[in-house]
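# Structural overview
Below are the chains, spelled out letter by letter.
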Amino acid sequence: MNTLKIGIIQQANTADRAANKQRLAQKIEELSKNGAQLIVLQELHNGLYFCQTEEVSVFDQAESIPGESTEYFGAVARQYGVVLVLSLFERRMAGLYHNTAVVIEKDGSIAGKYRKMHIPDDPAYYEKYYFTPGDLGFTPIDTSVGRLGVLVCWDQWYPEAARAMALRGADLLIYPTAIGTESSDTPEEQERQREAWCTVQRGHAIANNLPVVSVNRVGHEADPSGRTGGISFWGYSFVAGQQGEILAQLGREEATALVEVDLDRTEQVRRWWPFFRDRRIDAFGTLTRRCADEP
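The rules we used
- Residues numbered from 1 in each chain as written.
- Predicted model: local features only at pLDDT ≥ 70, side-chain atom pairs only at ≥ 80, totals over all residues.
- Heavy atoms only, no water.
- UniProt positions renumbered as here; feature names shortened; annotations may be inferred.
- Helix = DSSP H or I, 4+ residues; strand = E, 2+ residues; numbered from the N terminus.
- Buried < 20%, exposed > 50% of the residue type's maximum accessible area, 1.4 Å probe, protein only.
- Polar contact = N/O pair within 3.5 Å; in protein donor to acceptor, adjacent residues only side chain to side chain.
- Contact = heavy atoms within 4.5 Å.
- Salt bridge = Lys/Arg side-chain N within 4 Å of Asp/Glu carboxyl O.
- Axes fitted to C-alpha atoms, helices over the stretch in contact; angles between N-to-C directions.
- Parallel < 35°, antiparallel > 145°, perpendicular 65-115°, else oblique.
- Left-handed = near helix turned anticlockwise from the far one by under 90°.
- Pairing = 2+ DSSP bridges.

## Section: the UniProt feature "domain: CN hydrolase" (unreviewed entry) in the chain
UniProt records the feature "domain: CN hydrolase" (unreviewed entry) for residues 4–263 in the present numbering. Helix makes up 23% of residues 4–263 and strand 32%. Its end C-alpha atoms lie 7 Å apart.

Put into structure tokens, the structure is as follows:
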């Protein structure tokens, strides 16, 4: 079997960015000592989720790639011999910023990056203010542990993104995430949202016969403006197999997990379920239109 040991880190962050990074490095060390070959971090893992408000000063947190964080985590990856999936606030140039996932190879070099394509703009998730939509397309990143189909958070609701990564030969789908509930939602609605979040990603695993790794943050983060009750990030990071089966799932607290995934199983499952053989690509033209009634 072509097995891959994947580590996931679910962390509650504070405003102390240096301390957040140090705690992540400690957890990377622990997972690597237990055999992890690939470790995935949550979305915007260096600090608080700053998109609850629209503040010009927040752009000061953005950094170049390569830059401070890729150097820091590159040294960590090199020290422990692991591939890392990072999630950073990228400063491309003055006035141009992205929500960018960066894959660090086990020698500390940058294997590639992916800029978040789908950018939400909802109450407490004002990401369109900060992030320009990605322009690198849906292209897997080649690494020593396989071809990583890295996407980011809001991308996880779009089956087209997962399919595009699969068609380009991704060995697994990876989603660094920051999602939770706002205090005005009823407990029933909060649970519906969490279940939908898990279900849609398991659907991507099934439809593409690929493992899915989804890593969310945890903890309550206050709204700096005081206009809302803040966000309670629900955690529940998980790894699913090629038929959507849950291989590991965390709860609502800080935690890590180490999961062994058989990448060769994709071939077998696709023989049982030949979705790619039977796709009617001749009839999918409407998928490239904003609305089906357009010419």
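## A few points about the side chain of Arg115
Tracing the sequence through the fold places Arg115 in strand E5 (residues 110–115). Residue Arg115 is classed as buried on the basis of its relative accessible area, which comes to 5%. Within the structure, Arg115 has its side chain in polar contact with the side chain of Glu90 (distance 2.9 Å). Leave out the neighbours within four places in its chain, and Arg115 touches Glu90, Arg92, His98, Asn99, Thr100, Gly134, Asp135 and Leu136.

## Regarding the pattern of salt bridges
Applying the stated criterion to the full structure yields 20 salt bridges. For Arg23, the salt bridge goes to Glu254, with nearest N and O atoms at 2.7 Å. With Arg23 in helix H1 (residues 17–33) and Glu254 in the loop between strand E16 (246–249) and strand E17 (255–262), this residue pair connects regions lying 231 residues apart in the sequence. Here Arg252 and Glu191 are joined by a salt bridge, their closest N and O atoms 3.9 Å apart. Here Arg252, found in the loop between E16 and E17, pairs with Glu191, found in helix H4 (residues 187–208); they are 61 residues apart in sequence, far enough to count as distant. Salt bridges here are not isolated pairs; linked through shared partners, they connect Glu90, Arg92, Lys113, Arg115 and Asp135.

## Some remarks on the packing of H1 against helix H2 (residues 68–80)
Across the interface, H1 lies against H2 with an axial gap of 10 Å and an inter-helix angle of 20°. Taken together, the axes of H1 and H2 are roughly parallel relative to one another. Helix-helix and strand crossings are classified by hand; for H1 and H2 the assignment is right-handed. Each of Lys21, Gln22, Leu24, Ala25, Ile28, Glu29 and Ser32 in H1 lies in contact with H2, whose residues at this interface are Glu68, Ser69, Tyr72, Phe73, Val76 and Tyr80.

## Considerations on the sheet that holds E5
Taken together, six strands build an open sheet; the order of strands is E5-E4-E3-E2-E1-E17 and the sheet is mixed. Because the sheet does not close on itself, it has two edges, and the strands there are E5 and E17. With strand direction ignored, the average angle separating the axes of adjacent strands in the sheet is 30°. As defined by bridge partners, strand E1 (residues 3–10) adjoins E17 across eight bridges and the pair is classed as antiparallel. Paired with Ile8 across the bridge in E17 is Ala257. Of the strands in this sheet, E1, strand E2 (38–40), strand E3 (83–93) and E17 are in contact with H1, which crosses E1 at around 155°.

## Re the sheet that holds strand E10 (residues 172–176)
Strand pairing within a sheet occurs via backbone hydrogen bonds; the two strands may be parallel or antiparallel. Strand order across the open sheet formed by six strands is E8-E9-E10-E12-E15-E16, with mixed pairing between neighbours. Among the strands making up the open sheet, the edge pair consists of strand E8 (141–143) and E16. Strand-to-strand twist across the sheet, computed as the mean angle between neighbouring axes with direction ignored, equals 20°. Summarising the sheet, strand E9 (residues 146–150) and E10 pair through three bridges and their orientation is parallel. Paired with Leu148 across the strands is Leu172, a residue of E10.

## Digging into the pairing of strand E12 (residues 212–215)
Taking every second residue as pointing to the same face, both faces of E12 are buried, with Val212 and Ser214 on one and Val213 and Val215 on the other. Across four bridges, E10 lies against E12 in parallel orientation. Paired with Tyr175 across the two strands is Ser214, which belongs to E12. In this sheet, strand E15 (residues 238–240) lies alongside E12 in antiparallel orientation, the contact comprising three bridges. Looking across to E15, one finds that Val213 is bridged to Val239.

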